[in-house]
Each structure stands twice: as C-alpha cells, then as structure tokens.
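Next come the chains, spelled out residue by residue.
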Amino acid sequence: NAGVTQTPKFQVLKTGQSMTLQCAQDMNHEYMSWYRQDPGMGLRLIHYSVGAGITDQGEVPNGYNVSRSTTEDFPLRLLSAAPSQTSVYFCASRFGPTGYTGELFFGEGSRLTVL
Amino acid sequence: AQSVTQLDSQVPVFEEAPVELRCNYSSSVSVYLFWYVQYPNQGLQLLLKYLSGSTLVKGINGFEAEFNKSQTSFHLRKPSVHISDTAEYFCAVSTLGGNKLVFGAGTILRVKS
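The rules behind the values
Residues numbered from 1 in each chain as written. Chains lettered and ligands numbered in written order. Predicted model: local features only at pLDDT ≥ 70, side-chain atom pairs only at ≥ 80, totals over all residues. Heavy atoms only, no water. Contact = heavy atoms within 4.5 Å. Salt bridge = Lys/Arg side-chain N within 4 Å of Asp/Glu carboxyl O. Polar contact = N/O pair within 3.5 Å; in protein donor to acceptor, adjacent residues only side chain to side chain. Helix = DSSP H or I, 4+ residues; strand = E, 2+ residues; numbered from the N terminus. Nonpolar A, V, L, I, M, F, W, Y, C, P; charged D, E, K, R; others polar. Core = buried A, V, L, I, M, F, W, Y, C linked by side-chain atoms within 4.5 Å. Buried < 20%, exposed > 50% of the residue type's maximum accessible area, 1.4 Å probe, protein only. Pairing = 2+ DSSP bridges. Phe/Tyr/Trp six-rings, centres within 6.5 Å; stacked < 30°, edge-to-face > 60°. Lys NZ or Arg CZ within 6 Å of the ring centre and 35° of its normal.

**Some points on the interface of chain B and chain A**
Inference 1: Each side of the interface is counted separately: chain B has 21 residues, and chain A has 22 residues.
Inference 2: Applying the counting rule to chain B against chain A returns 0 salt bridges.
Inference 3: The interface formed by chain B and chain A includes 5 residue pairs in polar contact (both at pLDDT 80 or more).
Inference 4: Mapped onto the side of chain B that touches chain A, the elements with two or more residues apiece are strand S5 (31-38), strand S6 (44-50) and strand S10 (87-95) of chain B.
Inference 5: Looking at the side of chain B that touches chain A, the element that brings in the most residues is S5(B), giving 4 residues.
Inference 6: Class assignment of the residues belonging to the side of chain B that touches chain A gives a composition of 10 nonpolar, 8 polar and 3 charged.

So this is what it looks like as structure tokens:
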C-alpha cells in the first residue's frame, strides 16, 4: 500500500526560483492538506482541499499556491522561493464527512532548503 | 479559533519509568483531540484520538490519554516506557466538522537506559 507519496524528498533552491512539491494518495480520500514543520513550532497548515476543484487557505498560505484537479493529487507550488520557506513539508489526507474517522495519513515529508 | 499548548518541549525519562506528556487546548466550541507520534525522519502517525464517548482513550503501543473538559486538557500517559518510544509527540485539536487540525509545538520524549 503506497498511502501518501511525496516527491521530491529533498530539494535545494535559490531565492526567487519556483518549484512544485508533488503529493499523491491512493486511498480515495476527499480531504488533502499541506503542512510545514519548523523546529519549536509544530506543524502549521498551509492549504487544504475538501475535494477536486475545492481549495482553501490554512494558517500560513502566503507564498504558496495549490490546485486540486483530481481526487488523488494535490501539488503545492512555491511561486518565488524565499529563505523563510526553508522547512520540512508534509502532505496529509483523510476521509471526508462520509466515513470520517479524524485520522490524518501523512507522507514522509519533503525537506526544502532555500539559499 | 482553537489553539494547543504542549507544556514541555522535552521530557527525559528512564526506561521502564512512567511518563506523562501534557497538552492543554483552547476552544470556544466542542473539539476532537488527537495525539500523533513522529519518529526521526518520518511522517506523523496517529497514536490515539478522542471524538466522543469515554474520556479515557487507549491507543497504540500502550499509550492512553484522558480528556478533561473542565481543565481543557488531554494529557498522554504510559505506565512503562521503552527505548523505542523515543520520538516527538504532537497534540492536535480540531472543531467538530472542522477542516483545520491545529498542532501543538511538540514534546520530545527521550528514553534513557
């Protein structure tokens, strides 16, 4: 079972470059989300989606874009990378209102460094 | 909006000793509560959750937590820890039907032999 798959696992960018973090899940989950993890700050929600074509902002959305064209995929785009975006990024998914159990399933993370 | 405070950033404990990791939350409405564990260089996995019913919740690996509404707490306990329990533990809260899961800053549990 693949679960939630994130690529790439590691990435180094220069300030101003753009990139996309990929996230795919094979559990037919309606809900998908992106978090960033920084030392001493826990995980903070960037964006989330409750289904294909529907996205919304979390706590820290500035500098990031998302789209949800299919149930399986939820890419996170950095438009113009800044050193403050150096972090570990996690994609997570769960069932929607139907079949809700509360449990989020996490990918293994993508470590991004912006120089 | 809801928030979570984990009262200890690090908890060192000897193997086979009991441990309690403390979590307090703030919310003006009813909540769901969770504890997740993160082993080094891995994603998070669910330890246990409180959605409704009994306030004492049992999870995986011998952990349990008690929901205390009057004290707005959800402390995690284990009667006897193992070296393999060394990890970072996160408390999290969401509102009923809410789409935002809010995490605390995390508590690093270090189990020493």
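**Side note on the nonpolar core**
Inference 1: Core analysis: the biggest nonpolar cluster contains 29 residues, and B:Leu33, B:Trp35, B:Leu47, B:Leu48, B:Phe74, B:Leu76 and B:Tyr89 have the highest contact counts within it.
Inference 2: Excluding anything up to four places from it in sequence, B:Leu48 contacts B:Leu33, B:Phe34, B:Trp35, B:Val57, B:Lys58, B:Gly59, B:Phe63, B:Glu64, B:Ala65, B:Phe74 and B:Leu76.
Inference 3: Membership of the second largest hydrophobic core comes to 19 residues, among which are A:Tyr48, A:Ala92, B:Leu46 and B:Phe103.

**Let's talk about the pairing of strand S4 (residues 31-38) of chain A**
Across a regular strand the side chains alternate sides, sitting on one face of the sheet and then on the other.
Residues and elements named next belong to chain A.
Inference 1: Most of S4 sits inside the fold, with 8 of its 8 residues counted as buried.
Inference 2: Side chains Tyr-31, Ser-33, Tyr-35 and Gln-37 of S4 all project onto a buried face; the interleaved residues Met-32, Trp-34, Arg-36 and Asp-38 project onto the opposite face, where all are buried too.
Inference 3: Pairing of S4 with strand S9 (residues 87-94), which is carried by 7 bridges, proceeds in the antiparallel orientation. The partner of Ser-33 across the bridge, within S9, is Ala-92.
Inference 4: Here S4 runs beside strand S5 (residues 42-51); their pairing, made up of 7 bridges, is antiparallel. The partner of Tyr-35 across the bridge, within S5, is Leu-45.
Inference 5: Linking S4 back to S5 in an antiparallel pair, the connection comprises 3 residues, with Gly-40 at a positive phi of about 75 degrees.

**Examining the packing of aromatic side chains**
Inference 1: Taken as a whole and assessed by the stated rule, the structure comprises 13 aromatic pairs over all chains.
Inference 2: Between A:Tyr31 and A:Tyr48, the aromatic rings sit 5.9 Å apart at their centres with planes inclined by 25 degrees, giving stacked as the arrangement. Of this pair, A:Tyr31 sits in strand S4 while A:Tyr48 sits in strand S5, and the two are 17 residues apart along the sequence.
Inference 3: Aromatic pair A:Phe106 and B:Tyr36: ring centres 5.7 Å apart, planes at 80 degrees, arrangement edge-to-face. Remark: B:Tyr36 occurs in strand S5 and A:Phe106 occurs in strand S10 (residues 105-106); the pair is interchain, linking two chains. For the pair shown, A:Phe106 and B:Tyr36 are each scored as buried.
Inference 4: Taken together through their ring pairs, the aromatic side chains of A:Tyr35, A:Phe90, A:Phe106, B:Phe34, B:Tyr36, B:Phe90 and B:Phe103 make up a single cluster.
Inference 5: Lying across the ring of B:Phe14, B:Lys112 places its NZ or CZ 4.6 Å from the centre.

By themselves, these are just geometric observations and shouldn't be taken as functional.
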